[in-house]
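Each chain, letter by letter, is given below.
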Amino acid sequence: EDDRKLLNQEEIIDELYQLCGGMALLAVELAHAVNAHWNRDVRSLSKSKSDRLLYLKSVLNDVPTAIEDLICFRFDRLKPEAQMLLKIASVAGFDRYSFSQTLLEHVTLAHAKKEDSSGIVDNQQSQVPVNVGTSEDFNQINYMFQGDNFEMTLDMLVQQRFLVEVNADVGDISNFDSLIYRFRNEHEQLVINGLMLKDQKQRTHAAVALYYENVAERGGEISGDDDASMSMSEITMIPQNSWQILHLIALHFDRANAMVPAMLYYFNSGSELSRIGIRDRSHGSLLSSYLMLEKLLHKYSSDAVELTNVKVNVIQRQQLARKMVQKIGEQDLPESMKSMTQEHLRLMFAGDMGALTTCIVMLVKFGQSAGTIEKEGYKLASEVYIQAIYLSLLVLRDTDFRNMLQSLSNHIDTESNDDDSLSQCSHDCNFLMEDLKACFPAFSGLLTLYRDTPIETNAEQETFLANLFVAVTKEAHENVHLIRTKCILSHLYLKHNENEKALSESEEVKEVYDHDKHSLELAKLYGMDWVILCIMTMTSVYVYQGDFVAAFANIDFLRNHMVKLDEFASSTKATLQVLLSSIYTILQNIDHAVEISSGISKIAYSYFYKPSGIIQEVLSKLLQTFDNLVNGIEPTSDNAINIMEDNHDILS
């Protein structure tokens, strides 16, 4: 009590005011520092009030006056094991995240075992000390795990007002039985974190990321297995606990400079957010994943990576792939991506094709998100789709790539390249994409943008893109995707007045199409049975050209398949009724037009063709009524006027 009264001395008050200058944060830090100094020496002080007053003045004179220096002053007076623990906490608790005692124990043990996360942190060749607290051996760490010493050290850090106990939050959901902490002051966390070497911080972030990853994979149980040996593609397979924990893992891998796992976890977080309908935040996570890929590309393009084993065929593959993407887009590839080869990608992803495949899926998802969320996002989306296509072309299997070139021989010059040399690539590199379906949405998405957005394209770009997509789907032996792509190509030829090519493609589609195998799958993947719509469109072309034999062959094909269509799987059947009835109307076969369109207006669900369908039903019935009146037959009760009145709201 007498010592407290010393603080009321006028000279002490003046000294404190001069030191703090009215800054509340500095006053708090100064109080912590003086308190720590006083508690350390109080038992050895004289009982004399004047002596104690002189001692307090000397402490105030010795204590630093800058906030950062005050924090360091307090930190330096901690025991080595407490310093080490506080540094680890400054990594786990960045950006005001909380952290558990279990996490601190796990990361501390990881450092004690010299588990330096090699293979995760990119600069794994550097000789960096893993001890984050002291240059002595790990005796202090061993001491901490004897008895209650670890808990006592944490309690002391709470008493010294560095840490505070909090309720569990997203910062650490791994162990609700463990005490949860947070830095009392963010400025203190930043200063203490700044005392660590850059490589020490990166390795500690990697250890924290591996801890959270381990928890997520094993449902809360901590394993001592070596996580560094895990395939990066397996990282994407963890149970989707929540987008928060996935995002937190990504953040720590990001700060560890572990760019590939950071990219994958940002993508996983964005996918989870998309799944639960939070689209704006999902887009943010996908953007982070995309930016991480850009960092990777820049690193591997600017670091002059030694590629002594790269054969001529790999360079030829790169040149041909670049030539292809130049033919489908006005925008050139980013410089960092243009320099990529198959070998660059193998080194970048450490030979993990699963990780690269996920990267391509990420580009597709980010393109889709940018196209729907960002203002004029279709521009960025088209660039991202082209990047996904380019990366896919670099790692196609050699037989696939060679066959694709042969299919495109009428569209691209390949005379300067030796097919035999191209066929050797897989034996040299062995980093090849087996499953081509991952890149299909990039082709489909780009074709959709060219069709539905203001992007200026020409016939050559659109038709080459569609032909390239056809060639890739052929090599994948995925007939459903091949059929859908050839339907697109047929419509594109028609759009650019190449009617004969359009009709030829549609006839090839008819030969491949098997209703039982393909109809429901097309509806599931693409929303409708696009073969039916393609053949229907080409039927109108035959009618326009006066080729009624081909037109009626198509009509027979469509009527045979119309009875098989599942009207609940998609709106294909209803749409076909509209189009087929209109063809019969043009051919002046009114009875068939009425028969086909009858009942369209009574379909309960909405679809984009329904207003046109009602009009077609009304038109055919009006024409039939006119014919009946001419022939002296009274109109039926189910007449056109009733249909118009019943569907006034839809038609208006």
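Quick summary incoming for the structure in this document. Just so we're clear, the structure is a prediction, and the values are computed from it rather than from any experiment.

Cut-off values and rules
- Residues numbered from 1 in each chain as written.
- Predicted model: local features only at pLDDT ≥ 70, side-chain atom pairs only at ≥ 80, totals over all residues.
- Heavy atoms only, no water.
- Pairing = 2+ DSSP bridges.
- Helix = DSSP H or I, 4+ residues; strand = E, 2+ residues; numbered from the N terminus.
- Contact = heavy atoms within 4.5 Å.
- Axes fitted to C-alpha atoms, helices over the stretch in contact; angles between N-to-C directions.
- Core = buried A, V, L, I, M, F, W, Y, C linked by side-chain atoms within 4.5 Å.
- Buried < 20%, exposed > 50% of the residue type's maximum accessible area, 1.4 Å probe, protein only.
- Phe/Tyr/Trp six-rings, centres within 6.5 Å; stacked < 30°, edge-to-face > 60°.
- Lys NZ or Arg CZ within 6 Å of the ring centre and 35° of its normal.
- 1 Å grid on protein atoms, 1.4 Å probe; cavity = no way out; pocket = protein on both sides within 12 Å on 5 of 7 lines; lining within 4 Å.
- Points joined across faces, edges and corners; volume = space filled by probe spheres on them.
- Nonpolar A, V, L, I, M, F, W, Y, C, P; charged D, E, K, R; others polar.
- Expected span 1.5 Å × (residues − 1).

Re the sheet that holds strand β1 (residues 99-100)
Here's step 1: Spatially, β1-β3-β2 is the arrangement adopted by the three strands of the open sheet, whose pairing is antiparallel. The outermost strands of the open sheet, each flanked by one partner alone, are β1 and β2 (163-165).
Here's step 2: Pairing of β2 with strand β3 (residues 180-183), which is carried by three bridges, proceeds in the antiparallel orientation. Looking at β3, one finds that V164 is bridged to R182.
Here's step 3: Across the sheet, helix α6 (residues 80-92) is in contact with β1, β2 and β3; its angle to β3 comes to roughly 85°.

Considerations on the nonpolar core
Here's step 1: Residues M324, L345, F349, I389, M404 and L468 are the most contacted members of the largest nonpolar core, which totals 158 residues.
Here's step 2: With 10 residues, the next largest nonpolar core counts W38, L45, L56 and L70 among its residues.

Here we look at the environment of Y143
Here's step 1: Mapping Y143 onto the fold places it in helix α8 (residues 139-144).
Here's step 2: Residue class for Y143 comes out partly exposed when judged on its relative accessible area of 38%.
Here's step 3: In this structure, the C-alpha to C-alpha distance between Y143 and E81, residues 62 residues apart in sequence, is 8.6 Å.
Here's step 4: Apart from the residues lying within four places of it in its own chain, the contact partners of Y143 are E81 and N149.

Describing the side chain of Q577
Here's step 1: You can see Q577 is positioned in helix α30 (residues 572-586).
Here's step 2: With residues near it in sequence (within four places) discarded, Q577 still touches M562, I596, S598, I600 and I603.

Overview of the packing of aromatic side chains
Here's step 1: Inspection of every chain in the model, using the stated rule, returns eight aromatic pairs.
Here's step 2: Plain terms: the ring middles of F253 and Y265 are 5.9 Å apart, the flat faces sit at 15° to each other, and that makes the pair stacked. Within this pair, whereas F253 is found in helix α12 (residues 243-255), its partner Y265 is found in helix α13 (residues 259-275), the two being separated by 12 residues in sequence.
Here's step 3: Judged by its relative accessible area of 0%, F253 falls in the buried class.
Here's step 4: Here the aromatic residues F440, F443 and F469 are joined through ring pairs into a cluster of three or more.
Here's step 5: Lying across the ring of F401, R317 places its NZ or CZ 4.1 Å from the centre.

Considering the environment of R279
Here's step 1: Checked against the element boundaries, R279 lands in helix α14 (residues 279-302).
Here's step 2: Note on R279: relative accessible area 48%, which makes it partly exposed.
Here's step 3: Linking R279 and S369, residues 90 residues apart in sequence, is a C-alpha distance of 8.1 Å.
Here's step 4: The contact partners of R279, leaving out residues within four places of it in the chain, are T372 and I373.

Topic: the layout of surface pockets
Here's step 1: When its volume is computed, the largest pocket comes out at roughly 530 Å³.
Here's step 2: Those elements that provide at least two residues to the lining of the largest pocket are α3 (24-41), α6 and α9 (149-159).
Here's step 3: Its residues placed into classes, the lining of the largest pocket shows six nonpolar, seven polar and six charged.

Some thoughts on α12
Here's step 1: In this model, α12 (13 residues) spans 18 Å end to end at C-alpha, consistent with the 18 Å of a helix rising 1.5 Å per residue.
Here's step 2: Counting buried positions along α12 yields 10 of 13 residues, so the element is predominantly enclosed.
Here's step 3: Looking at α12, one finds that the buried residues are W243, I245, L246, H247, L248, I249, A250, L251, H252 and F253.
Here's step 4: Within two residues after α12, N257 carries a phi angle of roughly 65°, on the positive side.

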